[in-house]
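# Analysis of the macromolecular model
Listed here are the chains, written in short residue letters.
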Amino acid sequence: MAKKLNIKDKYRLLTRDLDWEFSYVDRKDAFPFEEFEGIKITDWSKWEDPFRLTMDSYWKYQAEKEKKLYAIFDAFSQNNGHLNVSDPRYVNALKLFLTGVSPLEYQAYQGFAHVGRQFGGVGARVACQMQAIDELRHVQTQIHAMSHYNKFFDGFQDYSHMHDRVWYLSVPKSFFNDARAAGPFEFMVAIGFSFEYVLTNLLFVPFMSGAAHNGDMATVTFGFSAQSDEARHMTLGLEVIKFLLEQHEDNVPIVQKWIDKWFWRGTRLLTIVAMMMDYMLPNKVMSWKEAWEVYFEEAGGSLFKDLARYGIKMPKYAETIEKEKEHVSHQAWWIFYTHGHAAGFHTWIPSDEELDWLSEKYPDTFDKYYRPRWELAKEMEAKGERFYTKALPQLCTTCQIPMGFTEMDDPTQVCYRDSVYNGDRYHFCSDGCKDIFDDEPEKYVQSWLPVHQIFQGNCGGPGVENVLSDFYRMNLGEDNMDMKGSPDEKRWKQWKGVA
Amino acid sequence: MSKVYIALQDNDESRYIVEAIEEDNPEATVIHMPAMIRIEMDGRLTVLRETVEDKMGRDWDIQELHLNLITLGGNVEEDDDSLSLHWNE
C-alpha cells in the first residue's frame, strides 16, 4: 500500500504544482491588476500557507461542518426554537444581522473570488478561492438560519433589497464596496487582514457567545461554524501582511497607510456591533468595552508587537479608538432610538436593570453622559410623548454614519470635520474619516449618501413615509417603531400566554 | 510577553482537545464562556496529536481541529503531529 502523504508534501503537490509556466501569454496580461497599487512582489514562491489545507481536505471538513450545522437548524425549527429566546427584543439584533452583515458575506465572496483570480502566486490564489467558497457558505447558512425567524417575526422579509437602499445599511454596504473597488492587495489588507484578523472576532466570538446566552441555538451555531472558517481566514490575513512586508521595503509605507485606513473604517463599522452587544442582547455576556479590550487591545496589541520588526506601527488614531470604547455603543443606540420610525427593526429604552448594568460596566461615562438621556426618554414615554426626531441626519461622507459621534475629549460636543474639493464642501464625523477622504477625494465624492439621495428626489417620496414604504419596502407600523406595542411583541405575548 | 489564544466550541470533542492542551501546556489559562472555551497562554501554545488521540481513544488528524475551532491568535505552525501558536517579539 502506498504511504500516506504528509501534510507538507500533499500541500506542495495539490497546490503549488497546480501552477504552470506561461509560454505564449505575458504574465502581466494574465495578472493585470498586480502592479498599479505600487506593491512590489519579487518572488511568489516565498508565500507560506500555515494551514496547508488542500482542496480534498477542504471539502471533507466543510461537508462535515455543514452536516452538523443543518442537523441543528432542523432541530431548532422542528422544536420551535424561536420560542426559547430570552426576550423578543433579542430578535431585532438578528434583523440587523441579516440586513447589515449577511450581505457582506456575499460581498466578501465576490471580493475573494476576484483576488483569487488576480494574484500571480498559486498559493495565494488557492487560499483566496477557498475563502470565497467559505463566504458563500456563510451567507447561505445565515439566510437559512434566519428564514425560520422570518416565519414568526417582522423585518426579515426583504433583507437584500433593504441592504441596497436603507440609510443605515449603506454603512456596511459602502465599507465593502470601498474595499472591492480597491486593488487586490488593498482588498487583502482591508478585508483579509484588518477586518478578518482583528475585527470579525468581535462580531463572531463575543456576540455569538451572547446569542447562545440568549437561547438562540440557530445563530450561535451558524456563527461558530462560520468562525471555524474565520480561523483559517485570519491566518491568511496575517500571511498576506507578512508576505507583502518581506517582499520589498517599499511595500511598508503602502501597507501602513492601508492599515491606518482600514482599522479606522473597521472600528466605525463595528459601532453597530457595539450597540448590538450593549443594548440588544437581553442576557449580557460582556460589555462592548470588555470585548474591545480582549479582542482589539490585547489581541491587536500582540499582533502589532509582532509586526513591529517590519517597521509597522499601531494603526493611526489608536488613541482615539481607545477612548471611543467608552462611548460609541451609547451614541449609536441613541441614534437608532431617536430614528426608530425609520429603522427596519424595533428600538426601546433599556430596562432599569439594563441601565444599572451599563452604569456598572461604564463607570466613567454612562452615568455622566448617557443615563440622563434615557431617564429623559423614560419621562417622555410615560407622558405618551415617545421621542422620534423629525429631521434627516447629516451623514459622514466616508463612513456614512449619521454625524452623532462626539469629540472624545469633550463628549458633549458633536465632532464635525470638513474638506473642500473642487468647490464642494464634504462633511466628516472624525479626523480618521476626513483623512481617508483627503487621500482619495475622487473616490469618495462618488459616495451614494442616502440622505443626499432622498433630498435629491432619487428615493421616491415626497415624504419620509413614502421613502420608507415604497423605496425601502418597510412595512410601516410592523417593521419599525418602538418594541412596545409592536406586532412582534403582541404575538410573543400570545405565544407565551401573557396579557 | 504576548498572549496567544485559541477558542473552541464547547462540545464533546473539544472537551478532549482542551484536556490535551491543559496537559501539554500546564501554564495555559482555560476560560469557560457560553458555548465556547477560550485558552490563553504567554509565549507558545501547542496542540499535540498524540495527546489528543490518547484522550479521545481514537485516531485524530490535526486538521480535524478545524471542525471545532472558533478563533485563534498568533502565528500558526502546523504539521502532521502538532499545531502551535506563537508571537515573534
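Residues numbered from 1 in each chain as written. Chains lettered and ligands numbered in written order. Predicted model: local features only at pLDDT ≥ 70, side-chain atom pairs only at ≥ 80, totals over all residues.

With that out of the way, let us pick up the overall build of chain B. When helices and strands are counted, chain B shows 2 helices and 7 strands. Radius of gyration (C-alpha) of chain B: 12 Å, near the 12 Å computed for a compact globule of 89 residues. Dimensions along the principal axes, computed over C-alpha positions, put chain B at roughly 35 × 30 × 20 Å. Counting over 89 residues, chain B shows a buried share of 40%. Partitioning the intrachain contacts of chain B with sequence separation of at least 6 by distance along the chain shows that 61% fall at a separation of at least 24. (Helix = DSSP H or I, 4+ residues; strand = E, 2+ residues; numbered from the N terminus. Rg over C-alpha atoms; globule rule 2.2 N^0.38 Å. Buried ≥ 20, exposed ≤ 12 C-beta atoms within 10 Å, placed from the backbone. Contact = placed C-beta atoms within 7 Å.)

So, on to the overall build of chain A. Looking only at helices and strands, one finds 22 helices and 4 strands in chain A. With the C-alpha coordinates of chain A rotated into their principal frame, the extents come out at 75 × 60 × 45 Å. Looking at the 499 residues of chain A, the share that counts as buried comes to 50%.

Grouped together as the largest cluster of nonpolar side chains are 156 residues, with contacts concentrated most on A:Val189, A:Ala190, A:Val273, A:Met276 and B:Leu8. With 14 residues, helix α8 (residues 184-204) of chain A is the single largest residue contributor to this core. Ignoring sequence-local partners within four residues, the contact set of A:Met276 consists of A:Ala93, A:Leu96, A:Phe207 and A:Leu281. Ranked by size, the runner-up nonpolar core spans 7 residues in total, among them A:Leu358, A:Tyr362, A:Phe366 and A:Tyr370. (Core = buried A, V, L, I, M, F, W, Y, C linked by C-beta atoms within 7 Å.)

All right, on to the confidence of the model for chain B then. Counting all residues, the mean pLDDT for chain B is 94, and 100% of those residues have values of 70 or more. Interface confidence for the predicted complex, given as ipTM, is 0.89, next to a pTM of 0.94. (pLDDT = per-residue confidence, 0-100.)

All names here are of chain A. Closest axis-to-axis distance for the helix α9 (residues 206-213)/helix α10 (residues 217-247) pair is 8 Å, and the angle between their directions is 155 degrees. Here α9 lies roughly antiparallel to α10, going by the angle between them. Where α9 crosses over α10, the handedness of that crossing is left-handed. Note on element contacts: α10 touches α9 through Thr219, Val220, Gly223, Phe224 and Gln227, opposite Met208, Ala211 and Ala212. Across the contact of α9 with α10, the residue classes break down as 5 nonpolar, 3 polar and no charged. (Axes fitted to C-alpha atoms, helices over the stretch in contact; angles between N-to-C directions. Parallel < 35°, antiparallel > 145°, perpendicular 65-115°, else oblique. Left-handed = near helix turned anticlockwise from the far one by under 90°. Nonpolar A, V, L, I, M, F, W, Y, C, P; charged D, E, K, R; others polar.)

What follows concerns the interface of chain B and chain A. Facing 25 residues of chain B, the contacting portion of chain A comprises 33 residues. Ranked by the residues each element gives to the side of chain B that touches chain A, the list is headed by strand β5 (residues 69-73) of chain B, at 5 residues. For the side of chain B that touches chain A, the class distribution of residues is 11 nonpolar, 8 polar and 6 charged.

Turning our eyes to something else, we now look at the sheet that holds strand β2 (residues 29-33) of chain B. Residue and element names in this part refer to chain B. Within the open sheet, the 4 strands sit side by side as β2-β3-β1-β5. Their pairing is antiparallel. The two strands at the open ends of the sheet, each matched to only one other strand, are β2 and β5. Within this sheet the neighbouring strands show an average axis-to-axis angle of 15 degrees, counted without direction. Across 4 bridges, strand β1 (residues 3-9) lies against β5 in antiparallel orientation. Residue Ile6 lies in a different strand from β5, and its bridge partner there is Leu72. (Pairing = 2+ DSSP bridges.)

Turning next to the sheet that holds strand β6 (residues 75-78) of chain B. Residue and element names in this part refer to chain B. What the 3 strands build is an open sheet, ordered β4-β7-β6; its pairing is antiparallel. The strands lining the two open edges of the sheet, one partner per strand, are β4 (44-48) and β6. When the angles between neighbouring strand axes are averaged without regard to direction, this sheet yields 15 degrees. Pairing between β4 and strand β7 (residues 82-86): 5 bridges, direction antiparallel. Considered in β7, the bridge of Arg44 is made with His86. Sheet contacts for helix α2 (residues 49-56): β4 and β7; angle to β4, the most-contacted strand, approximately 50 degrees.

What follows deals with unusual backbone geometry. Residues and elements named next belong to chain A. Of the consecutive residues Gly461 and Pro462, the connecting peptide bond is found in the cis state with omega at 10 degrees. Counting through the fold element by element, Pro462 comes out in the loop between α20 (450-455) and α21 (464-471). Although it is not a glycine, Tyr317 adopts a positive phi angle of roughly 70 degrees. Mapped onto the fold, Tyr317 is located in the loop between α13 (288-307) and α14 (318-324). Residue Tyr317 is classed as partly exposed on the basis of its 17 C-beta neighbours within 10 Å.

So, about the environment of A:Pro50. With respect to the helices and strands, A:Pro50 occurs in the loop between α2 (27-30) and α3 (55-78). Overall, the presence of 16 C-beta atoms within 10 Å leaves A:Pro50 in the partly exposed class. C-alpha separation for the pair A:Pro50 and A:Thr235, spaced 185 residues apart in sequence, amounts to 7.1 Å. For A:Pro50, the contacting residues outside a window of four places in its chain are A:Thr235, A:Glu239, B:Val76, B:Glu77 and B:Glu78.

Quick look at α10(A) now. All names here are of chain A. Its 31 residues give α10 an end-to-end C-alpha distance of 45 Å, which sits within 8% of 45 Å, the value for a rise of 1.5 Å per residue. A maximum bend of about 30 degrees is found in α10 at Asp229. Within α10, 27 of the 31 residues are buried, which leaves it mostly tucked inside the rest of the structure. (Expected span 1.5 Å × (residues − 1). Bend = angle between axes of the 7 residues up to and from the residue.)

With that settled, the discussion passes to helix α7 (residues 170-180) of chain A. Working note: α-helix, 3.6 residues per turn, so residues spaced by three or four point in the same direction. Residue and element names in this part refer to chain A. Burial of α7 is extensive: 9 of the 11 residues sit out of reach of the surface. Within α7, burial applies to Ser170, Val171, Pro172, Lys173, Ser174, Phe175, Phe176, Asp178 and Ala179. Its buried side turned inward, α7 meets α4 (91-118), α6 (159-165), α8, α11 (251-269) and α20.

The next thing to look at is the packing of helix α12 (residues 271-280) of chain A against helix α15 (residues 328-338) of chain A. Residues and elements named next belong to chain A. Remark: α12 packs on α15, axes separated minimally by 8 Å, with the N-to-C direction vectors making an angle of 90 degrees. Taken together, the axes of α12 and α15 are roughly perpendicular relative to one another. Every residue of α15 that contacts α12 at Thr271, Ile272, Ala274, Met275, Met277, Asp278 and Tyr279 is listed here: Val328, Ser329, Ala332 and Trp333. Broken down by class, the residue content of the contact of α12 with α15 amounts to 8 nonpolar, 2 polar and 1 charged.

This part takes up the pairing of strand β3 (residues 417-421) of chain A. All names here are of chain A. With 5 bridges joining them, β3 and strand β4 (residues 424-428) adopt antiparallel strand pairing. The partner of Tyr421 across the bridge, within β4, is Asp424. Linking β3 to β4, which pair antiparallel, is a turn of 2 residues; within it Asn422 sits at a positive phi near 50 degrees.

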